[in-house]
Amino acid sequence: MENQTKGAAAMVGGFFRALGSFFSGFGTAVAKGDIFVKLSLLWWGAGYVRRKQYVKAVIMTALEAAVILFTIFFAMDYVPKFGSLGTVRAEKVFNPQTMKSEFNDYDHSFMILLFSLFSFVVWFAAIIVLMKNTMNVYKLQLMDESGEHINTFKEDLVTYIGEKFHITLLTLPVLGVVVFTLVPILLLIFVAFTNYDQQHMPPSELFTWVGFTNFITLFGGGGLTATFGYSFVRVLGWTLVWALFATFTTYIGGILLSIMLNSPKTRLPKCWRTLFVVTIAVPQFVSLLLVRNFFADSGIVNTICKEIGLTGFLHDIGLVSTNNLIPFLSAPGWAHVMIILINIWIGVPYQMLIATGVLMNIPSDQLESAKVDGAKPFQIFVKITMPYMLFVTGPALVTDFVKNINNFNVIYLLTQDVYTTTNQALANSQATEVDLLVTWLFRLTQDYYNYKMASAIGIIVFIICAVFTLIAFNFMIKGDKEGTYQ
Amino acid sequence: MKKKFLSMLLCATMVATMATGCGSDAGDNDGGASDKKTDNASSETVKLTLWGAEDDQNFLKDVVSKFEAKYSDQKFDIQIGVESESSAKDTVLKDIEAAADVYSFASDQLADLVRAGALTNIDEVGEALSKSGKTLDDVKAEHAEGAIDAASVDGKMYAFPTSQGNSYILFYDSSVISEEDAGNWDTLLAAADKSGKKVGMTLNSGWYNASFFYGAGFTTGLNADGTTTMDWNGTSPSGYKGTDVVKSMLQITSDSAFKAIPDGKISDNIKSGDYCAVISGTWDAGVAQETWGDGYAAIKLPTFTVGDDKVQMHPAYGYKLEAVNAYSKNAGWATLLAEFISNEESQAAHFKSGVQIPTNKKALEDPSINENAAVTAILSEAEFGVVQEVGGKYWDPAKTFGEMIAKGTLKAKDDKKIQEALDNLVSGVTAPLS
């Protein structure tokens, strides 16, 4: 733990040091640079012109012009309205002459939010470019003063497939992360602080900033509905229970299965393995919907159970309230257990594949020496196999847990349209006993257009996942453990 | 560390270039938007998109070609897309400006669409109809009673009615149950019990189970802010108590001849052959006819017994409506097209192609309409059917309430529990939208 804390501290420290050196480098460049370096703050190409790097000068000038044009012709339409998210409501008059409706120049809150955010990202990038550019130009000045060779443009380009090849490789992925991950996440976070819902739906209505109101509603002032707090606690509880069981049952099941298949006594191991992997080949939604129909109230399993008298027996011992069907997926308790069981069937093959790979890599000398020392198979499993497995697959286990917290497919496909709650308090919040936070979130937004609360709950789910991941990683991958297996 | 910053520089450069790319694009769009305001050429091609159900695609193609023929001096470019009436609202509200100019939707979505400002107020664009030689008042007078009301909110008309009868009736096997027995739940269940067959109805849906309450005079309604009003936990204007209605329902569900069918499973259940009577809509007429053969019959919903009175169930009664998008670039022509789809000729054609019951008075006079037992039964409900006005918060609590009755969670003797459940229902349904 101590190591880990130190590591984390070092990382944070390193980040701030890098940030500090970046700013001090920029400061030095501005303070000590010649007139052209200083001029570069206004005209990005100035320093390059002085050092005769004309192509770079043209590129930087064009880039600067592009940013300025972007600011004037695009950003200025949206950013000034960012504070209010728009004030002009859509109004129209029908003109019978043209057969068209004439609109006023109305504000679209969502567009203002999205494009302002985009402008901020662009401006942030532009500032970094500006600072970095100034430092570069200053470096050129130093090189010039000390008489070093200054690269031509062609020579610069060559470095991008030579020593700077990593930059060439990483540009596109980083760009992708910014556009497709960073901007949407920022947007989601912003929406949580607005009143964007059915009542305030652009373009006809405007929405605006409401501060922390949504979070206060979520946890304090009664919630979305009178029973929101009640439902939130129950849904969260089942989410955690589900994630725990779903993760560990499939994990243990996968390991046991792969040990069985790896055992020299098993005949035709490849054939068995293929059979299990085939379940992966069938798309999950197909198999889940089929299973849902099998276990439906009027499904085939119920018919069989009734025929063989199982339903009657369960009724007699008080597990089932009616004597003509077992509510596999339609009553709380039953549905909870069934969902976890069905998930084992779906999840075990994946874990089996992972475990097979790891098991084959257990140092055989350890296993042999254990056998020589007279360890029984069970002891070997507990003392060698499991610790090794846990060490190698620990991080995967944590990701699995987080994935299960957000396991939309299994829950939604197995219970949607089948499960009806009889708990009025849950129903009044549009929740059911088998909802995960994420399926509840889906229903709240999809059916009720409540984007603001969806964003707020989304942030909470993110925080839960993040906190759990940090704790689990810290706990599982302690620095000292690594030595044990080397 | 320096190399990291170099990479950042490069990335930032790319971002900046891309951003400007996007920026100029958006700028162009804005320019286009301001252009359209000054454009005044009637000779330009009118572009319209039209959404309708998958089954109606051929019908719509015919209608569009007739529309284009009628206004042959105007050039059109009309694209037809697929969008089911039942999910139109969800698609439209994702991006109203990108939705079709004209689309079909079920009347229960009207309030949400109007509140989101997605629909053109037809009264405002009524002048456009002059091209078709009609006035808006002519159009309104063409439709059967109730249809225009179903397309209006606060007295303002927001869509053209195209068909009616999105409701449910009693299908039964007349070889087991006489028409007289089918008129009341008690006699119906007794007759079914005698034959050893079941009577089925969906209870875990607020669309079906409300028919008992509407029958007893209870109401639901919508406030201007989108919240729902509901009086089921009190006493109705007709003098029935909510608890008594629930007790009557429980009396029906506790009968051994009754079976509650989960929402969406009615067709499958009819096919099973266990039933001699089922409550469902016209879409199940074919299945019922196949199952019961010559015995197939359809009739209005039965009455149920509250205290000593026999009370007629009042079903939720829906219409299909043709909308004009509020943000249509050609609102006038879109209105003309929507009206054309709802006119007498189109409705008659729609009845022939898809058994959509007309709202147009003249189209309703067609003798072939009375030959269809299910359609006749539905039309006999038009006078007491209720256009169900509820908001989004209605469905889950109402579904759970129905499930509680179906599963016997409530007991007929426990008045206090029933009242409590009704109070919970009302508080959930009438909750603010937050």
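No experiment lies behind these values; they were computed from the predicted model shown.

1. Things to note about the overall build of chain B
Thinking step 1. Per the secondary structure count, chain B includes 18 helices and 16 strands.
Thinking step 2. Taken over 434 residues, chain B has a buried fraction of 51%.
Thinking step 3. Long-range contacts, defined here as pairs at least 24 residues apart, represent 73% of the contacts in chain B between residues at least 6 apart.

2. Points about the overall build of chain A
Thinking step 1. Broken down by element type, chain A carries 21 helices and two strands.
Thinking step 2. For 486 residues, the compact-globule estimate of 2.2 N^0.38 gives 23 Å, and the C-alpha radius of gyration of chain A, at 31 Å, exceeds that figure by more than 25%.
Thinking step 3. Counting only C-alpha atoms and orienting by the principal axes, one finds that chain A spans roughly 95 × 85 × 40 Å.
Thinking step 4. Counting all 486 residues of chain A, 33% fall into the buried class.
Thinking step 5. Put simply, of all contacts in chain A between residues at least 6 apart along the chain, 68% involve residues at least 24 apart.

3. Overview of the confidence of the model for chain A
Parts of the model with low pLDDT should not have their predicted coordinates read in detail.
Thinking step 1. Confidence in the prediction for chain A averages 86 pLDDT; 94% of positions are at 70 or higher.
Thinking step 2. By mean pLDDT, the top-scoring element of chain A is helix α4 (residues 54–78) of chain A (93), and the lowest-scoring one is helix α21 (residues 481–484) of chain A (52).

4. A look at the environment of B:L250
Residue and element names in this part refer to chain B.
Thinking step 1. Along the chain, the position of L250 falls in helix α10 (residues 242–253).
Thinking step 2. Separated by 156 residues in sequence, L250 and A406 have C-alpha atoms that sit 7.9 Å apart.
Thinking step 3. Residues in contact with L250, not counting those within four places in the same chain, are I405, L410 and A412.

5. Considering the pairing of strand β14 (residues 303–306) of chain B
Residues and elements named next belong to chain B.
Thinking step 1. Alternating positions in β14 separate cleanly, F304 and V306 being buried on one face and T303 and T305 remaining unburied on the opposite face.
Thinking step 2. The pairing of β14 with strand β15 (residues 309–312) spans four bridges and is classified as antiparallel. The residue of β15 that forms the bridge with V306 is D309.
Thinking step 3. Between β14 and β15, which pair antiparallel and follow one another directly, the connecting turn spans two residues, one of which, G307, has a positive phi of 60°.

6. Comments concerning the domain arrangement of chain B
All names here are of chain B.
Thinking step 1. Taken as a whole, chain B is organised into domain 1 (46–157 + 318–368) and domain 2 (167–317 + 383–429).
Thinking step 2. Of note, the centres of domain 1 and domain 2, computed from C-alpha atoms alone, are 32 Å apart.
Thinking step 3. Listed as interface residues are seven residues of domain 1 and, on the opposing side, nine residues of domain 2.
Thinking step 4. Considering only residue class, the side of domain 1 that touches domain 2 consists of three nonpolar, two polar and two charged.

7. Focus: the pairing of strand β2 (residues 76–82) of chain B
Thinking step 1. With seven bridges joining them, strand β1 (residues 46–52) of chain B and β2(B) adopt parallel strand pairing. Bridge pairing in β2(B) links B:V46 to B:F76.

8. Things to note about the domain arrangement of chain A
All names here are of chain A.
Thinking step 1. On domain assignment, one finds that chain A holds domain 1 (33–211) and domain 2 (222–484).
Thinking step 2. The distance between the C-alpha centroids of domain 1 and domain 2 comes to 44 Å.
Thinking step 3. Across the side of domain 1 that touches domain 2, the residue classes break down as six nonpolar, three polar and one charged.

9. A look at unusual backbone geometry
Residue and element names in this part refer to chain A.
Thinking step 1. Omega for the peptide link from P202 to P203 comes to 0°, which places this bond in the cis form.
Thinking step 2. Looking at where P203 falls in the secondary structure, it is placed in the loop between α7 (165–191) and α8 (213–219).
Thinking step 3. Here L268, not a glycine, exhibits a phi torsion of approximately 50°, which is positive.
Thinking step 4. Positive phi outside glycine occurs at Q430, with the angle close to 60°.
Thinking step 5. With respect to the helices and strands, the residue Q430 is situated in the loop between α18 (424–427) and α19 (437–446).

10. Observations regarding the packing of helix α11 (residues 284–294) of chain A against helix α17 (residues 408–415) of chain A
Residue and element names in this part refer to chain A.
Thinking step 1. Running from N to C, α11 and α17 cross one another at 35°; their axes reach a closest spacing of 8 Å. Here α11 and α17 pass one another in a crossing that is right-handed. For the pair formed by α11 and α17, the contact residues are Q284, F285, L288, L289 and R292 on the first element and N409, V410, L413 and L414 on the second.
Thinking step 2. Residues belonging to the contact of α11 with α17 are distributed by class as follows: six nonpolar, two polar and one charged.

11. Details of the nonpolar core
Thinking step 1. Ranked by internal contacts, the top residues of the largest apolar core, which has 135 residues, are B:V102, B:A151 and B:L337.
Thinking step 2. With 16 residues, the top contributor of residues to this core is helix α5 (residues 109–145) of chain A.
Thinking step 3. The residues contacting B:A151, other than those within four sequence positions of it, are B:L110, B:M157, B:Y158, B:A159, B:F160, B:P161, B:Y319 and B:L321.

12. Quick look at the sheet that holds strand β12 (residues 275–280) of chain B
All names here are of chain B.
Thinking step 1. As summarised here, the arrangement of the five strands in space is β11-β8-β12-β7-β13, forming an open sheet in which the pairing is mixed. The two strands at the open ends of the sheet, each matched to only one other strand, are β11 (258–260) and β13 (296–299). Taking each pair of neighbouring strands and ignoring which way they run, the sheet shows an average axis angle of 20°.
Thinking step 2. Pairing analysis gives four bridges linking strand β7 (residues 169–173) to β12, with the strands arranged antiparallel. Looking at the pairing, L170 lines up with I279 of β12.
Thinking step 3. On the sheet, helix α16 (residues 373–381) packs against β7 and β13 and is oriented at approximately 15° with respect to β13.

13. Overview of the sheet that holds strand β6 (residues 159–166) of chain B
Residues and elements named next belong to chain B.
Thinking step 1. Pairing within the open sheet is mixed, and its five strands lie in the order β2-β1-β3-β16-β6. Strand pairing shows two members of the sheet lacking a second neighbour, β2 and β6, which therefore form its edges. Strand-to-strand, the axes of this sheet are offset by a mean angle of 20°, without reference to chain direction.
Thinking step 2. Bridge count for strand β3 (residues 102–106) against strand β16 (residues 318–324) is five bridges, and the pairing is antiparallel. Residue pairing for β16: F105 is matched across the bridge by L321.

Procedures and definitions
Residues numbered from 1 in each chain as written. Chains lettered and ligands numbered in written order. Predicted model: local features only at pLDDT ≥ 70, side-chain atom pairs only at ≥ 80, totals over all residues. Helix = DSSP H or I, 4+ residues; strand = E, 2+ residues; numbered from the N terminus. Buried ≥ 20, exposed ≤ 12 C-beta atoms within 10 Å, placed from the backbone. Contact = placed C-beta atoms within 7 Å. Rg over C-alpha atoms; globule rule 2.2 N^0.38 Å. pLDDT = per-residue confidence, 0-100. Pairing = 2+ DSSP bridges. Domains from an automatic or database assignment. Nonpolar A, V, L, I, M, F, W, Y, C, P; charged D, E, K, R; others polar. Axes fitted to C-alpha atoms, helices over the stretch in contact; angles between N-to-C directions. Left-handed = near helix turned anticlockwise from the far one by under 90°. Core = buried A, V, L, I, M, F, W, Y, C linked by C-beta atoms within 7 Å.

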